[in-house]
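Observations on the three-dimensional arrangement
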Protein chains: 2
Amino acid sequence: MDPTFAQRDTVESALKGHGLQATSQRVEVLRRLRASERHLSADDLYAELIGAKMKVSRATVYNTLNLLKEHGLVSEMVLDPGRVLFDPNTEPHYHFYDVDTHEITDVPADKVGFTCLPLLPEGATFKGVDVVVKISRRG
Amino acid sequence: MDPTFAQRDTVESALKGHGLQATSQRVEVLRRLRASERHLSADDLYAELIGAKMKVSRATVYNTLNLLKEHGLVSEMVLDPGRVLFDPNTEPHYHFYDVDTHEITDVPADKVGFTCLPLLPEGATFKGVDVVVKISRRG
DNA sequence: CTTAATGCAAAGGCTTTGCAGAGAC
DNA sequence: GTCTCTGCAAAGCCTTTGCATTAAG
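All of these numbers come straight from a predicted model, not from anything done at the bench.

Taken together, 16 residues lie around DNA strand D, and Thr 23, Lys 55, Ser 57 and Thr 60 of chain A together with Tyr 62 of chain B are the ones closest in. Counting only the atoms of DNA strand D within 4 Å of the protein, the fraction contributed by sugar and phosphate is 88%. A distance of 2.7 Å separates a phosphate oxygen of DNA strand D from a polar atom in the side chain of Thr 23 of chain A. At a separation of 2.9 Å, a phosphate oxygen of DNA strand D approaches a polar backbone atom of Lys 55 of chain A. Taken together, the elements giving at least two residues each to the surface near DNA strand D come down to helix 2 (24–35) and helix 4 (58–70) of chain A together with helix 4 (58–70) of chain B. The element that contributes the greatest number of residues to the surface near DNA strand D is helix 4 of chain B, accounting for 4 residues. Tallied by class, the residues present in the surface near DNA strand D amount to 5 nonpolar, 9 polar and 2 charged.

Below you can see the structure in the form of structure tokens.
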């Protein structure tokens, strides 16, 4: 079975599992996000899809990403103002952030451990930790 | 000696220490940022200044904040797209982030410790860690 | 007097919205 | 046939920019 079909199938199942129609635009957005090494912006994805001669509009890419986000299929990362990236990895994990190139790399969750975390404010529930390790290659 | 004068004086020294003219707009932006319990956006500050009947323009607030950022007198935080906040605390520290209200609270650095951090990519220099502990009060 | 900072208004980039047409079921 | 999604273009929001005016040293 060819891997592209397998991916497409999984993506379709994921969409349908959330009660979402598996339209070609949605399938392609989620599939490419999952297939990409990098974390992509809405515009990155739009450019990819247009480059692949697909019929899609910018608005649909934005709307689709928001829809996927609402359904927990992708998460949003905002590292620079005006640079919103989407991360298809819904498992706990952290990030390297190159402060010069703005490149993002994943760090598996087991590479970061805490000896202590702060006491939560009264009445608060823990919802997760975001850890961004900032690095530079310029010294 | 009245505390407002003391604050103003410290802020002026900080600006001059970086070779920046201590104009009334710059002094007030930095002073209010330091005096605030919350982390403020450019527009929050603009509204505060206008409310205090000061002569200032939006452009100057934005330009001043960027200037302060370049000189390391404040740091920028981007937690939601379109919500850039400025943090006058230049000591290492982390943040609580209320996912419902988008409120930000400081966590002193000594409340968070790591048992391990990931090996850096080849040739990379460590530039810091951002830790955001996400919380909710809705359960 | 010379240099630098401010204010205004216009432009810019990214994202969302409204509505008509196309597509899914 | 009905309901939903898509595409287009326009509007929105936040931020930056250019240039004349004003303030600082």
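On we go from here.
It is worth spelling out the domain arrangement of chain A at this point. Often, the extent of an interface is quoted as the loss of accessible area on bringing the components together. Residues and elements named next belong to chain A. Taken domain by domain, chain A holds domain 1 (3–87) and domain 2 (93–135). Distance from the C-alpha centre of domain 1 to the C-alpha centre of domain 2: 24 Å. Contacts between domain 1 and domain 2 engage 7 residues on the former and 7 residues on the latter. Summed over both partners, the interface of domain 1 with domain 2 comes to about 580 Å²; 58% of that surface belongs to carbon and sulfur atoms. Contact with domain 2 buries area across many residues of domain 1, yet His 39, Leu 79 and Asp 80 alone supply 59% of it, more than any other trio. One can count 0 salt bridges joining domain 1 with domain 2. There are 5 residue pairs in polar contact (both at pLDDT 80 or more) connecting domain 1 and domain 2.

What follows is about the interface of chain B and chain A. If you look at the interface, chain B gives 37 residues, while chain A gives 37 residues. For the pair chain B and chain A, the summed buried area comes to about 3000 Å², and 63% of that belongs to carbon and sulfur atoms. Taken together, the links from chain B to chain A amount to 2 salt bridges. Of the charged contacts in the structure, one is a salt bridge between Asp 130 of chain A and Lys 134 of chain B, with a shortest N-O distance of 3.3 Å. Taken together, chain B and chain A are joined by 14 residue pairs in polar contact (both at pLDDT 80 or more). For the side of chain B that touches chain A, the secondary structure elements donating two or more residues are strand 1 (75–80), strand 5 (113–116) and strand 6 (125–136) of chain B. Sort the elements by how many residues they give to the side of chain B that touches chain A and strand 6 of chain B lands first, with 12 residues. Broken down by class, the residue content of the side of chain B that touches chain A amounts to 22 nonpolar, 7 polar and 8 charged.

The rules behind these values
- Residues numbered from 1 in each chain as written.
- Chains lettered and ligands numbered in written order.
- Predicted model: local features only at pLDDT ≥ 70, side-chain atom pairs only at ≥ 80, totals over all residues.
- Heavy atoms only, no water.
- Near = heavy atom within 4 Å.
- Polar contact = N/O pair within 3.5 Å; in protein donor to acceptor, adjacent residues only side chain to side chain.
- Helix = DSSP H or I, 4+ residues; strand = E, 2+ residues; numbered from the N terminus.
- Nonpolar A, V, L, I, M, F, W, Y, C, P; charged D, E, K, R; others polar.
- Domains from an automatic or database assignment.
- Contact = heavy atoms within 4.5 Å.
- Buried area = accessible area lost by both parts, 1.4 Å probe.
- Salt bridge = Lys/Arg side-chain N within 4 Å of Asp/Glu carboxyl O.

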